[in-house]
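Architecture and fold: a report
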Amino acid sequence: MIDTYKKAHTFEEIDNAVRLDIPINFEHEFFTDFSDVRGDFEDKMIYRSLNVNPRTLKYNFRQNSYNKTLLFLAGMRGSGKTSELSKITSKLNHAEAFFCVTCDLDKVDDGLDKNDMEYMDILIFQLEKLVLKLRKNNIIVPSSILESMYKWYEERIKEVNKSIIREGGLEIEVEAKTPSLLSFLGLSAKLKSNLAGNKENAEKIRSIFKQNFTIFSQKFNEFIETVNLVLRKRNVAKEVLFIIDGLEKVATTEIRKKIIDEESNRIRQIKVSTIFTLPIELFALEPKLRQFSTIVPFPFVKIVERSGQKVEKAIEKFYEFVLKRVDKSLFDEKETVINAICHSGGSPRELLRIIEYAYLFSDSEATQITKSALAKAIKKLAAEYSRYISQSELDQLKLLKENNEKGKPTPFDNEWQSLLEKMTILEYNDGTYKRVHPLVEASQIYKDYVG
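Residues numbered from 1 in each chain as written. Predicted model: local features only at pLDDT ≥ 70, side-chain atom pairs only at ≥ 80, totals over all residues. Heavy atoms only, no water.

**Looking at the overall build of the protein**
- Within the protein, the regular secondary structure consists of 19 helices and seven strands.
- The globule rule puts the C-alpha radius of gyration for 451 residues at 22 Å, and the 24 Å found for the protein is close to it.
- Counting across all 451 residues of the protein, residues that qualify as buried make up 54%.
- Nonlocal contacts in the protein, meaning residues at least 24 apart in sequence, comprise 74% of its contacts between residues at least 6 apart.
- Per element, the accessible surface of the protein, about 20,600 Å² overall, is 47% carbon and sulfur.
- The centroid of the 70 positive side-chain charges in the protein is displaced by 5 Å from the centroid of its 68 negative side-chain charges. (Helix = DSSP H or I, 4+ residues; strand = E, 2+ residues; numbered from the N terminus. Rg over C-alpha atoms; globule rule 2.2 N^0.38 Å. Buried < 20%, exposed > 50% of the residue type's maximum accessible area, 1.4 Å probe, protein only. Contact = heavy atoms within 4.5 Å. Areas by Shrake-Rupley, 256 points an atom, 1.4 Å probe, with all protein chains shown as cover. Lys, Arg positive; Asp, Glu negative; His and termini not counted. Charge placed at Lys NZ, Arg CZ, Asp CG, Glu CD.)

Structural data, given as structure tokens:
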């Protein structure tokens, strides 16, 4: 995280303080804990799903030696999943629990191609991140398991090279080196650069690795178990825990669905505790995923009840969230901030976007975000959020409004799923409470057609 990402004390510093593209770690001054206002969600659901005692935060590896957790943290974009995972992994990364390895698929500098990604790419990335953290912590892995993994990689790359050379391509260079964490990293980096650099080569690599996936999964699992033994012997942790974040930012819905749905049998063969963040458009896969994994919903913070009554505790928590980033002297009055919060729908990211727009729409001589600037921002965002709403979608929004006024939950169908993906509607609690995004409600087309 960049050092200049700090609280705004002058008007010109606001834009940097409300940036959307930098996730907040648990240790950062901007971090706000929304746990007590997230409705049905509680941290202990994550801990219990991982077989960790929620009180002591200890993991009993003996009781769970064959019980590895695959957990999907399912929440809408901008709900704060990354920050929440940062908090949870900070609490679990210790000698009595896990060696936490975070794999952020969204980081450009890690060399993954977000426009062309498969599960094999993610697994190679996981191994690389694990080895990097082992080296950083000076943890020595037995040479026998490294040699076995390195040799298997080498053999697969030779197969890839034969295929590439037959078609006149450039082969992947493999230097003869004594297997070590460093040499394994070098081999992994070359594989990853070819996965990201050339689509034809990437397909050949994936094809050969997938053809040999049963053996690869055995090698992967043996490597993990050996690492677990070393971690326990060194009193570093009981086991490895992977956190795979950023899947929702992979380029297309088709790629995301292929990774989670079509590759589910391969995911099940990997025996290591893992947390995936689950993108909103894959919620429809929940019945299938529950057959072999745990799904924990991570909702937006409810700031308005179905009845229309404001949830004051949640609003005050968001007010704290804003003032950690922007000094209160940079707003004309508290009500301006409260108005921005109410239009966010309970999404931290949406709230930052609203404040950013209010800053952009402020007068050139402004020294504060005013009620007038916020009104301009809301009008602009309302137009953007409602621009592509169809007539049938407006009919759905009208139904949702009527159901909420009657206190009735709205049943699921595919059209709701599409509206959730577009953030036209927002979801709370266990998914039984949906509401129209307040910025959509503020649009003229919504007012004209729905009321």
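The discussion continues.
**A few points about helix α9 (residues 253-262)**
- Burial in α9 covers these residues: I255, R256, I259, I260 and D261.
- Contact partners of the buried residues in α9: β1 (70-74), α4 (119-136), α10 (264-269), β4 (273-278) and α11 (286-289).

**Here we look at the sheet that holds β4**
- Strand order in this open sheet of five strands is β2-β3-β4-β1-β5, and the pairing throughout is parallel. Among the strands making up the open sheet, the edge pair consists of β2 (98-104) and β5 (294-297). Geometrically, the sheet is characterised by an average inter-axis angle of 20° between neighbouring strands, direction not taken into account.
- Contacts from α4 reach β2, β3 (239-245) and β4, with the element oriented near 130° to β2. (Pairing = 2+ DSSP bridges. Axes fitted to C-alpha atoms, helices over the stretch in contact; angles between N-to-C directions.)

**A short note on the pairing of β2**
- Of all seven residues in β2, six are buried; the element is thus mostly enclosed.
- In this structure, β2 lies alongside β3, joined through seven bridges in parallel fashion. Bridge pairing in β3 links T102 to I243.

**What about the side chain of D327?**
- With respect to the element layout, D327 can be found in the loop between α12 (312-323) and α13 (334-344).
- For D327, the side chain forms a polar contact with the side chain of S329, separated by 2.6 Å.
- Sequence-distant contacts of D327, defined by excluding residues within four places in its chain, comprise K7, A8 and H9. (Polar contact = N/O pair within 3.5 Å; in protein donor to acceptor, adjacent residues only side chain to side chain.)

**Quick look at the nonpolar core**
- In terms of nonpolar packing, the biggest core is built from 133 residues, with L130, Y153, F216, F223, F242, I260 and L397 touching the most fellow members.
- Sorting elements by how many residues they give to this core places α4 first, with 10 residues.
- When neighbours within four sequence positions are excluded, L397 is seen to be in contact with I389, L419, T424, I425, V436, V440, Y446 and V450.
- Counting 21 residues, the second largest nonpolar core, distinct from the first, contains F61, F98, C100 and I243. (Core = buried A, V, L, I, M, F, W, Y, C linked by side-chain atoms within 4.5 Å.)

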